[in-house]
Amino acid sequence: MEEKVEMFLFRKKSTESKTNKVDAEVAQTKDQNSDELKYTVYDFIRTIKDPEKPNTLEELNVVYEEGVFVKESTAANTSVVRVEFNPTVPHCSLATLIGLCIRIKLERSIPDELKLDIFIKKGAHATEEEINKQINDKERIAAAMENPKLKEMVEMCIKEEY
């Protein structure tokens, strides 16, 4: 009887080992997909032009790789991405426009369903909470894009130059 118990314990360990290996492979695949999405998001936003200057947001250090976070997917398997940006000055009057450009560029460029959260870096702007609410409110985004002048400015900033 003891021999059968030992064999059963051995098999159980073997099964656990396989399960752990599969779990590790799944986790590794998720990490790779997260990294790939992070770099894809960054590649799209780094080329956005500043509304006032002839530079890109990357050149001005407004956006940076470390500011893109891929979080756990939702129950419906929707990717969750958080983008943090750092306006050049604490009273930047165009911070809302920059956030709007980031959102529109990503919504147009990434075909997958995506939950996108865009925030000003904590402590980087005098009215960051108000701006964060604006750039993450679907109704305000839609209203802003109905304004012809604002839409034109967004289009100029996100336009790809080849």
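See the structure printed just above.
Summarised in this report is the structure supplied together with it. It should be emphasised that the depicted structure is a prediction, and the values quoted were computed from it without experimental measurement. (Residues numbered from 1 in each chain as written. Predicted model: local features only at pLDDT ≥ 70, side-chain atom pairs only at ≥ 80, totals over all residues. Heavy atoms only, no water.)

## Some points on the pairing of strand S3 (residues 114-120)
Short version of the rule: Should DSSP find at least two bridges between two strands, the strands are regarded as paired. The secondary structure listing takes helices from DSSP runs of H or I that are at least 4 residues long and strands from runs of E that are at least 2 residues long, numbered from the N terminus. Throughout, right-handed denotes a crossover for which the path from the first strand over the helix to the second runs clockwise when the strands point away from the viewer.
In this structure, strand S2 (residues 79-85) lies alongside S3, joined through seven bridges in parallel fashion. The partner of Ser79 across the bridge, within S3, is Leu114. At this point the chain moves from S2, through helix H2 (residues 95-109), to the parallel S3, and the crossover so formed is right-handed.

## Some words on the nonpolar core
Using the following cut-off: Put simply, a nonpolar core is a bunch of buried Ala, Val, Leu, Ile, Met, Phe, Trp, Tyr and Cys residues held in one set by side-chain atoms that sit within 4.5 Å of each other. Relative accessible area decides the class of each residue, using a 1.4 Å probe on protein chains only: under 20% of the type maximum gives buried, over 50% gives exposed, and in between gives partly exposed. Only heavy atoms matter for contacts: two residues are in contact if any of them lie within 4.5 Å across the pair.
Ranked by size, the top nonpolar core spans 35 residues in total, and within it Ile45, Val83, Phe85 and Ile102 carry the most contacts. Broken down by element, the residue count for this core peaks at eight residues, all from H2. The contacts of Ile102, once residues within four sequence positions are left out, are Ile45, Ile48, Leu57, Val63, Val83, Phe85 and Ile118.

## With respect to the sheet that holds strand S1 (residues 68-71)
In a beta sheet, neighbouring strands pair by backbone hydrogen bonds and run either parallel or antiparallel. Using the following cut-off: Here an axis means a line fitted to C-alpha atoms, over the contact stretch when the element is a helix, while the angle between two N-to-C directions is reported on a 0 to 180 degree scale.
Strand order across the open sheet formed by three strands is S1-S2-S3, with mixed pairing between neighbours. Only two strands of the sheet have a single partner each, and these edge strands are S1 and S3. Pairwise comparison of adjacent strand axes, ignoring direction, gives a mean angle of 20 degrees for this sheet. Along the sheet, H2 makes contact with S2 and S3, crossing S3 at roughly 160 degrees. Sheet strands touched by helix H3 (residues 128-135): S2 and S3. Its angle to S3, the strand with the most contacts, is close to 160 degrees.

## Points about the side chain of His125
Inclusion rule: For this analysis, a polar contact is any N or O atom pair within 3.5 Å, provided that within protein one partner can donate a hydrogen and the other can accept it, and provided that sequence-adjacent residues contribute only side-chain to side-chain pairs.
Looking at the element boundaries, His125 is found in the loop between S3 and H3. In this structure His125 comes out as buried when scored by relative accessible area, which is 8%. Reaching out from His125, the side chain makes a polar contact with the backbone oxygen of Cys92 at a distance of 2.8 Å. With residues near it in sequence (within four places) discarded, His125 still touches Pro87, Val89, Pro90, His91, Cys92, Ala95, Ile120 and Ile131.

## Some points on helix H5 (residues 148-158)
Defined as follows: By arc we mean the arc of the directions from the helix axis to the C-beta atoms, nothing more.
All of the buried residues in H5 are Val154, Cys157 and Ile158. Each buried residue of H5 lies within a common arc of 85 degrees when the element is viewed along its axis, so the set occupies one face. Turned more than 90 degrees off the buried face of H5, the exposed positions are Pro148, Lys149 and Met156. Looking at the buried residues of H5, the elements they touch are H2 and helix H4 (138-146). The N-terminus of H5 is capped by Asn147, whose side-chain oxygen sits 3.0 Å from the backbone nitrogen of Lys149.

## Some words on the side chain of Asp50
Applicable threshold: In this tally, Lys and Arg are treated as positive and Asp and Glu as negative; His is ignored, and so are the chain termini. Salt bridges, as used here, are contacts in which a Lys or Arg side-chain nitrogen is within 4 Å of a carboxyl oxygen on Asp or Glu.
Inspection of the secondary structure assignment puts Asp50 in the loop between helix H1 (2-45) and S1. Within the buried set, Asp50 has no salt-bridge partner at all; the shortest N-O distance to an opposite charge, 5.2 Å, is to Lys53. Here Lys53 takes part through its backbone nitrogen, which lies 2.9 Å from a polar atom of the side chain of Asp50.

## Section: the layout of surface pockets
Quick reminder of the rule: The rule is simple: put a 1 Å grid over the protein atoms alone, call a set of points where a 1.4 Å probe fits but cannot get out a cavity, call an open set with protein on both sides within 12 Å along at least five of seven lines a pocket, and count a residue as lining if it has an atom within 4 Å of a point. Grid points are joined across faces, edges and corners, and a volume is the space filled by probe spheres set on the points. Think of it as three bins: nonpolar holds Ala, Val, Leu, Ile, Met, Phe, Trp, Tyr, Cys and Pro, charged holds Asp, Glu, Lys and Arg, and polar takes everything else, Gly as well.
Space inside the second largest pocket adds up to approximately 240 Å³. In this structure, the second largest pocket is lined by 13 residues; those nearest its centre are Arg103, Glu107, Leu114, Leu116 and Lys138. Elements supplying a minimum of two residues to the lining of the second largest pocket: H2, S3 and H4. When the residues that make up the lining of the second largest pocket are grouped by side-chain class, the tally is six nonpolar, one polar and six charged.

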